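Spelled out, the chains give:
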Amino acid sequence: MLQKIKETAEWLKAHTALRPEMAIILGTGLGRLAEEIEVVDAIPYTAIPHFPVSTVEGHQGRLLFGRLGNKEVLAMQGRFHYYEGYSMKEVTYPERVMYELGIRVLCVSNAAGGMNPDFRIGDIMLIRDHINFFPEHPLHGPNFPTGPRFPDMSQAYDRELLALAHQVAQEKGIRVVEGVYLGTQGPTFETPSEYKMFHILGADAVGMSTVPEVIVARHCGMRVLGISIITDLGVEDKIVEVTHEDVQKAADAVQPLMADIFREVINRIN
Ligand code: HPA
C-alpha cells in the first residue's frame, strides 16, 4: 500500500510542476469552486495510477493543480464515498497521496442534512468536531508510519483555522453557523427517527463523507478546516422528502459564499 501511494505521488509530481501545501475537497454540488481556481493541470482520476474512480452524479472526478488567491492548491473535484462500494482504504487513498505530495492543510466541504433546529437550508456550517458513525474505520489494520497507532482526536478540526473562518465570514457579512458533523455510511437519507437519534447523540448535521478523510488527514498531521452546506433539514416537523437533486440545488446556491471563505482563509494561512 505504502509503495502504491509513493508511486501515485511520484507520478503526479512528474505530471505537474506545482508543489501545493494546501488541498481542498469539493463536496456534492460544490464543484464550482474549481472555477475560482486558476487551473494549471487538471488530471482525471482515471489517468492516475492506483487511484479509485468516482462514479456518483455531480462528481467529475479530477485532481486540479492550480492557484487560488496567493497560494498553490490541489483540489479534488469529486471524492470517493463508502456507499459507492469502496473500502475505507480506497476512500482515504487521496489523503495518503496528498501527504506524500507535501499537503499540510486540508479544507473539506460537504453537503449535509441539518438537525439543529436553529439551522436553515443554505446555511454554511463550520465544522467544530465530528462523530464517526461509519461501520469500518479508515485506520483499521497495520499502522501507517505517518502517525501513532492510537491517534489523538481532541482537535480533529484546527481551532485556529476555525477562528479564521469565522473572522473571514464576519468581515464579508456571510452568515455562518458552527456545529458537529456526523458521518454515516448512507446511501439512504435518514428516517425522522434516525435524524432525531443523531441529534440526541450530539450532532448538528449529518452526511455520508468527510469523517474518514479527516481521520486520515489528522493521522498524517494535517491541519483541517471543514465546511458543511446545509441542504435539507432533519428537524422534527420540518422534514420533507429529499432527493440528490434537491441536495445539489441547495448546495449550488451557496457555492460562491463557501468559495469566498475558503479562498480568503487560504490566503491568510502562512
Ligand atoms: N443525510 C445524509 N447525507 C446528506 C443529507 C442528509 O440529510 N443531506 C446531504 N447529504
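Preceding block: the structure.
Residues numbered from 1 in each chain as written. Predicted model: local features only at pLDDT ≥ 70, side-chain atom pairs only at ≥ 80, totals over all residues. Heavy atoms only, no water.

Q: Even after reading the chapter, I still don't get the overall build of the protein, so can you show me in this structure?
A: Along the backbone of the protein there are eight helices and nine strands. Relative to the compact-globule value of 18 Å for 270 residues, the protein shows a C-alpha radius of gyration of 17 Å, a close match. In terms of overall dimensions, the protein has a C-alpha envelope of 55 × 40 × 35 Å along the principal axes. Taken across its 270 residues, the protein has 55% of its residues classed as buried. Sequence separation of at least 24 residues holds for 83% of the intrachain contacts in the protein that already meet a minimum separation of 6. (Helix = DSSP H or I, 4+ residues; strand = E, 2+ residues; numbered from the N terminus. Rg over C-alpha atoms; globule rule 2.2 N^0.38 Å. Buried < 20%, exposed > 50% of the residue type's maximum accessible area, 1.4 Å probe, protein only. Contact = heavy atoms within 4.5 Å.)

Q: Please clarify how the nonpolar core should be interpreted in this entry.
A: Nonpolar side chains in soluble globular proteins tend to end up buried together. Formed by 49 residues in total, the largest nonpolar core has its most connected members in Leu63, Met98 and Leu106. Apart from residues lying up to four places away in sequence, Leu106 is in contact with Ala23, Ile25, Glu95, Met98, Ala217, Met222, Arg223, Val224 and Leu225. Listed in part, the 35 residues of the second largest apolar core include Leu126, Ala169, Val265 and Ile269. (Core = buried A, V, L, I, M, F, W, Y, C linked by side-chain atoms within 4.5 Å.)

Q: Please clarify how the site of the ligand should be interpreted in this entry.
A: Near the ligand you find Ala111, Ala112, Gly113, Phe189, Glu190, Tyr195, Val206, Gly207, Met208, Thr231, Asp232 and Val247, and these make up its full shell. Side-chain polar atom of Tyr195 to an oxygen atom of the ligand: 2.7 Å apart, as the coordinates give it. Protein coverage of the free-state accessible area of the ligand, which is 260 Å², stands at 96%. The cavity that encloses the ligand is the largest pocket. Contributing elements (two or more residues each) for the shell around the ligand: strand E5 (105-114), strand E8 (205-207) and strand E9 (223-233). (Near = heavy atom within 4 Å. Polar contact = N/O pair within 3.5 Å; in protein donor to acceptor, adjacent residues only side chain to side chain. Areas by Shrake-Rupley, 256 points an atom, 1.4 Å probe, with all protein chains shown as cover. 1 Å grid on protein atoms, 1.4 Å probe; cavity = no way out; pocket = protein on both sides within 12 Å on 5 of 7 lines; lining within 4 Å. Sits in = over half its atoms within 2 Å of the grid points.)

Q: Got a minute to help me understand the packing of helix H1 (residues 2-15) against helix H4 (residues 93-101) in this structure?
A: Two quantities define a packed helix pair, namely the angle between the helix axes and the distance between the axes. The interhelical angle for the contact between H1 and H4, taken along N-to-C directions, is 60°, at an axis separation of 9 Å. Regarding the angle of H1 to H4, the classification is oblique. Remark: the crossing between H1 and H4 carries right-handed chirality. In this structure, H1 contributes Lys4, Ile5, Lys6, Thr8, Ala9, Leu12 and Lys13 to the contact, and H4 contributes Tyr93, Arg96, Val97, Glu100 and Leu101. (Axes fitted to C-alpha atoms, helices over the stretch in contact; angles between N-to-C directions. Parallel < 35°, antiparallel > 145°, perpendicular 65-115°, else oblique. Left-handed = near helix turned anticlockwise from the far one by under 90°.)

Q: Would you take a moment to explain helix H7 (residues 211-219) for this structure?
A: In an α-helix, one turn spans 3.6 residues; hence positions three or four apart end up facing the same way. Most of H7 is tucked away: eight of the nine residues are buried. Among all positions of H7, only Val211, Pro212, Glu213, Val214, Ile215, Val216, Ala217 and His219 are buried. Of the residues trailing H7, Gly221 is marked for its positive phi of about 80°.

Q: Whenever I open this one, unusual backbone geometry confuses me. Can you help?
A: Note: most residues except glycine have negative phi, and most peptide bonds are trans. Looking along the chain, the bond that leaves Gly186 and enters Pro187 is cis, with omega of 0°. Residue position: Pro187 is located in the loop between strand E7 (176-183) and helix H6 (192-200). At His50, a residue that is not glycine, the phi angle is positive and equals roughly 70°. On the secondary structure map, His50 appears in the loop between strand E2 (38-44) and strand E3 (62-68). The exposure class assigned to His50 is partly exposed, which follows from its relative accessible area of 35%. At Thr210, a residue that is not glycine, the phi angle is positive and equals roughly 70°.

Q: Would you mind going over the packing of aromatic side chains with me for this structure?
A: Describing an aromatic ring pair means giving the distance of the ring centres and the angle of the ring planes. Scanning all chains against the criterion turns up seven aromatic pairs. Aromatic pair Phe133 and Phe198: ring centres 4.9 Å apart, planes at 75°, arrangement edge-to-face. You can see Phe133 sitting in the loop between strand E6 (124-132) and helix H5 (159-172) and its partner Phe198 sitting in helix H6, a full 65 residues away along the chain. A network of ring pairs unites the aromatic residues Tyr45, Phe51, Phe80, Tyr86 and Tyr93 as a single cluster. One Lys or Arg, Arg96, reaches over the ring of Phe144 and ends 3.9 Å from the middle of that ring. (Phe/Tyr/Trp six-rings, centres within 6.5 Å; stacked < 30°, edge-to-face > 60°. Lys NZ or Arg CZ within 6 Å of the ring centre and 35° of its normal.)

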